[in-house]
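Reading the structure
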Amino acid sequence: MVSKDTSTPEKAEDGEKEVQLTAEQKKILKELEATGGEGKIEREEIKLEGLKYKWFIDHKYDIDPVKGLVWKDYDQISKQRKAAFQLVKDIGANILKGRSIMNVSMPITLMEPQTMLHRVACTYGYLPIYAEKIVKESDPIEKMKNYLAYSIAALYGNLQQMKPLNPVWGETYQGYLGNSCNKIYCEQISHHPPMTQITIESPLFTVNATHHIEAATYPSSIRIYSKGKHVVTFNDEQKTTYVLKERPEGQISGVIVGQRIMYYTGFMVIKDKTNKLYAQVRFNPEKQGMLEKIFGKTKATRSDFFKGLITKSKDLLKDTSRKAFYSKEMLSYFEGEWLEHIIIDGDYYWELGKKTPMEIFPDPGALPSDLSLIHICRCRRAI
């Protein structure tokens, strides 16, 4: 629990709003001012603030071997569907009256109490854990295996039913990934289309990425396309650099009626620029078409199943047939279910629950206006 501060708020400058800070926040700000802003902030101090965000999803779900991830938070689904119906009515009313649909606001019941900046930051929880192995390892293939495991594990951080709030243009978020050694900075660099810049500075690695989401809506489903550059450089002797070349497509069905189901399709392609290696992941390779469903053909794998290979050949990446997995140019084979584990050459590199991802802690030394925004988000969550 965060203790309440009953003292009088600090007087703001002319034209600025007064900002109410807790006693703990004022204490940390004074310590930072006394050290010129360079004071070391320990994880325990930040925990006292209670300003942390859970990485794991807190929604109930089941795994259907054919359909995919089935969300079971029926109360939230009911609220969202009511809001969706109202949104459709409002759009129709504006069209009939000759008004722009830009006048229709997205219902707040569809939103979660955090912005896209926080959501993106939370997907890096596993990176510091695998970074230690990657930096210590000398074999390029083994490095790629560990980075691939992180990339699969990171998908688990996107399992949310609520839509994050769109940050305003220029909005920033700064915090710590696990501890004060891993500093994360996020900024909304574009409003239309919405785009986020992410920078992470750590003794083991640096991240330079942009995050851009596009969505295509259908009568009762949504397709989500994640775009943007993603470059991670590790501070080993070679300065190994990985580039995410292609990302899988997320699909959500049952938005209006039916079961709420989510799964990935398509490919993820990772390039090791330093050692000229490639990793290709194919998601849901046995996805059924309409005719296969009608005639009752059964799938041999689950909908969250993926498989792939590590190679030095670009040509092998283009081959999606079974021949690619028997090629001499294949250096490593992997498969798994992205909701549970990944197995590379017979060994488990990630299992859900075996390794705890690091949490994201907002920087209590941020500007008072940013600290106030954090309190607003926490109050929304309580409501």
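Shown above is the structure to which this text applies.
The following paragraphs examine the structure supplied in this document. Note that the structure is predicted; figures quoted are calculated from it, not measured.

Our focus in this paragraph is the overall build of the protein. What the protein contains, in helices and strands, is nine helices and 19 strands. Counting the 383 residues in the protein, one finds 46% classified as buried. Contacts in the protein between residues far apart in sequence, at least 24 positions, make up 59% of those at least 6 positions apart. Carbon and sulfur atoms make up 55% of the accessible area of the protein, which amounts to about 20700 Å² in all.

What follows covers the nonpolar core. By size, the foremost hydrophobic cluster in this structure holds 58 residues, and its most contacted members are Tyr124, Phe234, Ile270, Phe283, Trp338 and Ile342. In this structure Trp338 touches Ile152, Leu155, Leu159, Met262, Tyr264, Phe283, Asp304, Phe306 and Trp350, once residues within four positions along its chain are discounted.

Secondary-structure assignment places Gln251 in strand β12 (residues 249-253). On the basis of relative accessibility, which here comes to 8%, the residue Gln251 falls in the buried class. A polar contact of 2.9 Å, which involves the side chain of Gln251, links it to the side chain of Tyr263. At 3.4 Å, the side chain of Gln251 forms a polar contact with the side chain of Thr265.

Okay, the pairing of strand β11 (residues 241-246) next. Two elements, strand β10 (residues 230-234) and β11, share three bridges in a ladder whose sense is antiparallel. Looking at β11, one finds that Val232 is bridged to Tyr242. Counting the residues between successive antiparallel strands, the hairpin from β10 to β11 contains six residues, one of them, Lys239, with a positive phi of roughly 55 degrees. As paired elements, β11 and strand β13 (residues 261-272) share four bridges and run antiparallel to each other. Following the sheet pairing, Leu244 is matched in β13 by Ile270.

For the rest of this paragraph, the subject is the pattern of salt bridges. Applying the stated criterion to the full structure yields eight salt bridges. Salt-bridge contacts for Lys227 lead to Glu214; the nearest nitrogen and oxygen are separated by 3.0 Å. With Lys227 in strand β9 (residues 221-227) and Glu214 in strand β8 (residues 205-218), the pair connects residues that are 13 residues apart, well separated along the chain. Look at Lys227 and you get partly exposed, because its relative accessible area is 39%. Through salt bridges with shared partners, one network takes in Glu142, Lys145 and Asp345.

Next up on the list: the pairing of strand β5 (residues 172-177). Within a regular beta strand, the side chains point alternately toward one face of the sheet and then the other, so they alternate between its two faces. As judged from the five bridges shared by β5 and strand β6 (residues 183-190), these two strands associate in the antiparallel manner. Note that in β6 the partner of Gln174 across the bridge is Tyr185. A loop of five residues connects β5 with β6, the two strands running antiparallel in sequence, and Gly178 in this loop sits at a positive phi of about 85 degrees. As paired strands, β5 and strand β19 (residues 360-362) are joined by three bridges and run antiparallel to one another. In the sheet register, Leu177 faces β19, and the bridge partner there is Ile360.

Before going further, it helps to examine the packing of helix α5 (residues 127-136) against helix α6 (residues 140-154). For the pair α5 and α6, the least separation of the axes is 9 Å and the interaxial angle reads 175 degrees. Judged by the angle between their axes, α5 and α6 are roughly antiparallel. Residues Leu127, Tyr130, Lys133, Ile134 and Val135 of α5 form the contact with α6, whose own contacting residues are Lys143, Asn146, Tyr147, Ala149 and Tyr150. Split by residue class, the contact of α5 with α6 holds seven nonpolar, one polar and two charged.

Turning to its location among the elements, Asn275 is positioned in the loop between β13 and β14 (277-283). At a separation of 2.9 Å, a polar atom in the side chain of Asn275 contacts the side chain of Asp272. When residues no more than four places from it in sequence are discounted, the contact partners of Asn275 are Pro140, Gln238, Thr240 and Lys312.

Attention now moves to the packing of aromatic side chains. Under the defined criterion, the tally for this structure stands at eleven aromatic pairs. Taken together, a centroid distance of 5.9 Å and an interplanar angle of 80 degrees make the contact between Phe234 and Tyr242 edge-to-face. Here the two residues Phe234 and Tyr242 agree in accessibility, since each one is buried.

Turning our attention to α5. By the burial criterion, the buried members of α5 are Leu127, Pro128, Ile129, Tyr130, Ala131 and Ile134. Packing partners of the buried residues in α5 comprise α6, β5, β8, β10 and β18 (347-351).

Right, let's get into α6. An ideal rise of 1.5 Å per residue puts 21 Å on 15 residues; α6 measures up with 21 Å between its terminal C-alpha atoms. For α6, the buried fraction is high: 13 of the 15 residues fall into the buried class.

Glancing now at the environment of His192. Tracing the sequence through the fold places His192 in the loop between β6 and β7 (195-201). Taking relative accessible area as the criterion, His192 reaches 65% and is therefore assigned exposed.

What counts as what
- Residues numbered from 1 in each chain as written.
- Predicted model: local features only at pLDDT ≥ 70, side-chain atom pairs only at ≥ 80, totals over all residues.
- Heavy atoms only, no water.
- Helix = DSSP H or I, 4+ residues; strand = E, 2+ residues; numbered from the N terminus.
- Buried < 20%, exposed > 50% of the residue type's maximum accessible area, 1.4 Å probe, protein only.
- Contact = heavy atoms within 4.5 Å.
- Areas by Shrake-Rupley, 256 points an atom, 1.4 Å probe, with all protein chains shown as cover.
- Core = buried A, V, L, I, M, F, W, Y, C linked by side-chain atoms within 4.5 Å.
- Polar contact = N/O pair within 3.5 Å; in protein donor to acceptor, adjacent residues only side chain to side chain.
- Pairing = 2+ DSSP bridges.
- Salt bridge = Lys/Arg side-chain N within 4 Å of Asp/Glu carboxyl O.
- Axes fitted to C-alpha atoms, helices over the stretch in contact; angles between N-to-C directions.
- Parallel < 35°, antiparallel > 145°, perpendicular 65-115°, else oblique.
- Nonpolar A, V, L, I, M, F, W, Y, C, P; charged D, E, K, R; others polar.
- Phe/Tyr/Trp six-rings, centres within 6.5 Å; stacked < 30°, edge-to-face > 60°.
- Expected span 1.5 Å × (residues − 1).

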